Amino acid sequence: MDAKKVLVLLGVTILLGTFAQNLFMPILPAMQKAFATSEYWINLTISLFTVMLAVMQIVYGPLVDRFGRKKVLIPALVLYALASVGCYLADSIASLLVFRAIQGAGFAAIPIVAATMIGDLFAGNERANAMGTYQMMLAVGPAIGPLLGGWIGGVGGHSAVFAFLAVTAVLLLIGNGLLLPETKNSQTAARSFHLRAYCDIFRQPTGAAVILLGFAQMFTYYCFLLFIPVELTHRYHLSSERIGLLFLLTSVVFMISSKLAARVQKAVGIAQSTRLDSRNARCCDFFVHGGSRCIARLARRDKRAVRSGTRNRDAGAYYALVGSV
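Criteria and cut-off values
Residues numbered from 1 in each chain as written. Predicted model: local features only at pLDDT ≥ 70, side-chain atom pairs only at ≥ 80, totals over all residues. Heavy atoms only, no water. Helix = DSSP H or I, 4+ residues; strand = E, 2+ residues; numbered from the N terminus. Buried < 20%, exposed > 50% of the residue type's maximum accessible area, 1.4 Å probe, protein only. Contact = heavy atoms within 4.5 Å. Areas by Shrake-Rupley, 256 points an atom, 1.4 Å probe, with all protein chains shown as cover. Salt bridge = Lys/Arg side-chain N within 4 Å of Asp/Glu carboxyl O. Expected span 1.5 Å × (residues − 1). Polar contact = N/O pair within 3.5 Å; in protein donor to acceptor, adjacent residues only side chain to side chain. Phe/Tyr/Trp six-rings, centres within 6.5 Å; stacked < 30°, edge-to-face > 60°. Patch = residues over 30% accessible without salt bridge, like charges linked within 9 Å, V, L, I, M, F, W, Y side chains within 5 Å.

Broken down by element type, the chain carries 14 helices and 0 strands. In sequence order, the secondary structure elements of the chain are arranged as α-α-α-α-α-α-α-α-α-α-α-α-α-α. In the chain, which comprises 325 residues, the proportion classed as buried is 49%. Put simply, 81% of the contacts in the chain that link residues at least 6 apart link residues at least 24 apart. If you sum the accessible surface of the chain, you get close to 15,900 Å²; carbon and sulfur atoms cover 65% of it.

Here it is as C-alpha cells:
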C-alpha cells in the first residue's frame, strides 16, 4: 500500500473517529431527559471522554515508538469498537459514563499513530503537504459531526447516534486491520522512554508557555461546546437539527482560523504569533500549529539523536504530549 493511500486511510480514520467526540453535542439536553439525570452527569460524558483521550495519549506515545504503529492502533480500535457498542447498549447514566471513558481510551491512539506514520512515510515538503491533508480531515469531523448528529438524533434519538458510532467503529477496525501497513523501521530500536523527557519540555520557556496557553484556550472552547446546546434548547427552543447547523458555523470559523494562523506564523514567526494568540483566546488553532512546531523544534535540538540517526525514535512520545493538552 503506497504512502498516499495510507494517508487517505488515516484521514478517514481520524474523520470518523472524531465523531465520538462531537456527534451527540446537539442532543445533550435530549440525552439528559432520556437518562433522567442532571446536567452535571450528562456533561461528564464529554469530560470523561476528553480526560481519557488526554491521559492515554501520554501512554500510547512511548508504546508506538517501542512496539510499532499498527500493533498499538489495532488493539486500541478493538477497545474503541467494544466501548462504542457498550454506549449503544447502556441503559443508565453510570454505564454510559464507564463506556464513554473506555471509548476515549481507545480513540486516543488514532491521532498519535496517524501523526507518527505520516512522519515515517513523508519527508520535507511532502510531509508538510501530508500533514495539511490530515489536518483538513481532522477539521472536517467537528464541522459535519454535530450537523450529522443533530439530524440522526432528531430522527432516532440518542440510541441512533450511538448505533452510528458503533457501526463506524467496527468499520474502522476492519479497514485498518486489513489495509494499514506497519511503518516502523524494524532496524531502529526505540530508546527507553521516561517521563522526565516530558519534564524537559516543560522546562523550556517556549514549550511551557505554549502548553499553558493551549490548556486555557481549549478549556474555554469545550466549556462553550457544552453550554451552547443547553442554552439553545431551553432558552431558544431549537431542535437538534438546528443546533447542529449552529455548530457547523462554529466549526467553519475554526477551520478559517486554522488557515489564518498558518499565514500569521509564516509572516511574523512562532514567538510573535503566540503572543498575539494570548491576546485573543478565540483563535484556538494557533496553539495547534504553534505548539506542534515548538515541540518539534525542541526535539530537533537533541544533537545526540541527530548524530546517531535516531531523531524519529521518540516521535510518538512528542506527538503525544502536544495532543494530550
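Once you've had a look at it, read on.
If you walk through the whole model with that rule in mind, you get 1 salt bridge. A salt bridge links Arg 69 to Asp 120; the shortest N-O distance between them is 2.7 Å. Here the residue Arg 69 occupies a position in helix H4 (residues 69-89), and Asp 120 occupies one in helix H6 (residues 109-121), the gap between them amounting to 51 residues. A residue is classified by how much of its surface remains accessible, and Arg 69, at 4% relative accessible area, is buried.

Once that is clear, we can look at helix H1 (residues 3-22). The first and last C-alpha atoms of H1 sit 29 Å apart over 20 residues, in line with the 28 Å expected at 1.5 Å per residue. By the criterion of burial, H1 is predominantly enclosed, with 15 of the 20 residues buried. The opening residue of H1 is Asp 2, an N-cap whose side-chain oxygen sits 3.2 Å from the backbone nitrogen of Lys 4.

Attention now goes to the packing of aromatic side chains. As enumerated under the stated definition, the model contains 5 aromatic pairs in all. For the pair Tyr 80 and Phe 107, a centre-to-centre distance of 6.4 Å together with 45° between the ring planes defines the contact as tilted. A residue pair is termed long-range when its members are at least 10 positions apart, and Tyr 80 in helix H4 and Phe 107 in helix H5 (residues 93-107) qualify at 27 residues. Here the aromatic residues Phe 49, Tyr 80 and Phe 107 are joined through ring pairs into a cluster of three or more.

Once that is clear, we can look at a nonpolar patch on the surface. Judged by side-chain polarity, Met 1, Val 170, Ile 174, Leu 178 and Leu 179 come together as a nonpolar surface patch covering roughly 500 Å² of accessible area. For Leu 178, the position within the fold is in helix H7 (residues 124-179). On the accessibility criterion, Leu 178 (71% relative accessible area) is exposed.

Let us look at unusual backbone geometry. Residues other than glycine seldom take positive phi values, yet Ala 36 does so here, at roughly 50°. Along the chain, the position of Ala 36 falls in the loop between helix H2 (28-34) and helix H3 (39-67). When its relative accessible area of 71% is taken as the criterion, Ala 36 is described as exposed.

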